[in-house]
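One letter stands for each residue in the lines below.
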Protein chains: 2
Amino acid sequence: MSKVSPRRTDPRTHTALIEIAAALLATEGPQALSTRRITAEAGTSTMAVYTYFGGMSGLVREMVHEGFQRLQRHLTAVRSTSDPVSDMALLGRAYRLNALANPHLYSVMFGGASLSGFSLTDEDRQHGRYTLTGVVECVAHCVSVGRFADADVAHVAHQMWIATHGLVTLELGGYLVAPLDGDALFDPQLVALMVGAGDRPEMAARSVRASRRRIERELSQQAG
Amino acid sequence: MSKVSPRRTDPRTHTALIEIAAALLATEGPQALSTRRITAEAGTSTMAVYTYFGGMSGLVREMVHEGFQRLQRHLTAVRSTSDPVSDMALLGRAYRLNALANPHLYSVMFGGASLSGFSLTDEDRQHGRYTLTGVVECVAHCVSVGRFADADVAHVAHQMWIATHGLVTLELGGYLVAPLDGDALFDPQLVALMVGAGDRPEMAARSVRASRRRIERELSQQAG
DNA sequence: GTGCTAAACATATCGCCGTTATGCAACAAT
DNA sequence: ATTGTTGCATAACGGCGATATGTTTAGCAC
């Protein structure tokens, strides 16, 4: 039962490997991610990947978790406006900008970019779905102040997420070309969804276009 | 200047290789796609991939083109209803069902699943964007019969595509779990977008909910 | 301080991959 | 029949993730 504590791992090497891998993924894409490349830049042998992460999958997994946390940080750093509808737009923009800033990482996180047999577990995906909590709260806020109908907030939040994710992935894939590129499509997409999925039906006298114009006005005030 | 025409390639081998690769991709996923695997099942040597396709990328590219053509066929086989709004929903459903039927292929086509350094060219992406022509026509039809506002039809078609693609990719990635899975989210997403992005604003007296209900009714009639 | 043990790590190797060099058989042109 | 070009099998190359094996080092008992 004697517990011996031999040489322990160096946490600096741990983070260094992940940072090197993240930089490699960001600058040269997924095919540059190899144990030999990473460990060579870290000054160790390939075994380091196995002692620290149990293999390439483990390293990628921790990198993905880091990406989820960074996305979460970007999203939670948003809430500030007095208008919850504008907040939703800001959430979507932050989501998109984070994805555009780390395109390869986003592909691994949500696109399932097959990285040498790496695949996410259900627990990993839960981290991804955690992104939604902020959106759900924002939708609930919109409902509570009477801007959105009292529908299923999780449902509406999912629709926002789906649309934003779809635009981002097509944009990253190079499928959105000018003049209908991501910049041109993003805000109108959000507006359309907020009108169609969230807006209050009680104001029957107001047309769809009136709702759209109102939301567009609020968004443009937040554009700067 | 003497042109000699020695032994020609066998077109049956050409298609056999692509079909084997497609079957392999569909049944065992992207990591099962290897020259050795494919050529072994075809009864040839690995060189066949290079004489017929110039390498693995060429084979994947032709496979992707085949996938685009199949998607296009699925979509063009849809138009039949008298109501263009219902047609749009049917288009979206066909798009989604095609993707769910060939998830790995769809990932390669649109997700940019990095298949051993394979990446699409702009010309490949044009084939993907060709998908939109049917949707654009359908939106134009909705406008022509007075169901949609006279907005930019390409813009609206893009929004439909974006939302459908987003739902499909998240669904394929395993991010949509019950009770808010793809089945539950798909039709409402389409309805919301049609209401918010396409519906006519002129009928100012009708509420957003009225528009939604009308579209939902028309979709449910087409559900069978 | 001195062993002892177990973990960290380097080295070498394995089986796989895409790709390429080489060689030979097959066929069209002459 | 000869010749030249191409299809394609064989074998090899470099690189990959992973593993087996040996070496070094850190911490504990004494």
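Above this text sits the structure in question.
Residues numbered from 1 in each chain as written. Chains lettered and ligands numbered in written order. Predicted model: local features only at pLDDT ≥ 70, side-chain atom pairs only at ≥ 80, totals over all residues. Heavy atoms only, no water.

### Points about the interface of chain A and chain B
Consideration 1: The partner chain B presents 48 residues to the 49 residues of chain A that form the contact.
Consideration 2: Carbon and sulfur atoms supply 62% of the area buried between chain A and chain B, which totals about 4,200 Å² over both sides.
Consideration 3: Taken together, the links from chain A to chain B amount to 10 residue pairs in polar contact (both at pLDDT 80 or more).
Consideration 4: Looking at the side of chain A that touches chain B, the elements with two or more residues in it are α6 (103–111), α7 (122–129), α9 (153–172), α10 (182–198) and α11 (208–221) of chain A.
Consideration 5: For the side of chain A that touches chain B, the leading source of residues is α9 of chain A, giving 12 residues.
Consideration 6: Here the side of chain A that touches chain B is composed, by residue class, of 27 nonpolar, 15 polar and seven charged. (Contact = heavy atoms within 4.5 Å. Buried area = accessible area lost by both parts, 1.4 Å probe. Polar contact = N/O pair within 3.5 Å; in protein donor to acceptor, adjacent residues only side chain to side chain. Helix = DSSP H or I, 4+ residues; strand = E, 2+ residues; numbered from the N terminus. Nonpolar A, V, L, I, M, F, W, Y, C, P; charged D, E, K, R; others polar.)

### Some remarks on the relation of the copies chain A and chain B
Consideration 1: Aligned on chain B, chain A shows an RMSD of 0.1 Å; the corresponding rotation is 180 degrees and the shift along the axis is 0.0 Å. Such values leave the two copies arranged in the relation of a two-fold axis. It is Gly 166 of chain A whose C-alpha, among those of chain A, lies nearest the rotation axis, at 1.7 Å.
Consideration 2: Both copies share a contact surface, since 98% of the interface residues of chain A are interface residues in chain B too. (Least-squares fit on C-alpha atoms with pLDDT ≥ 70 in both.)

### Things to note about the packing of helix α5 (residues 84–101) of chain B against helix α10 (residues 182–198) of chain B
Residues and elements named next belong to chain B.
Consideration 1: Packing of α5 against α10 brings their axes to within 11 Å, and their N-to-C directions diverge by 140 degrees. The pairing of α5 with α10 is recorded here as oblique in orientation. α10 is crossed by α5, and the crossing has right-handed handedness. Contact residues: Val 85, Met 88, Ala 89, Gly 92, Arg 93 and Arg 96 in α5; Gly 182, Asp 183, Phe 186, Asp 187, Leu 190 and Met 194 in α10.
Consideration 2: Looking at the contact of α5 with α10 residue by residue, the class counts come to six nonpolar, two polar and four charged. (Axes fitted to C-alpha atoms, helices over the stretch in contact; angles between N-to-C directions. Parallel < 35°, antiparallel > 145°, perpendicular 65-115°, else oblique. Left-handed = near helix turned anticlockwise from the far one by under 90°.)

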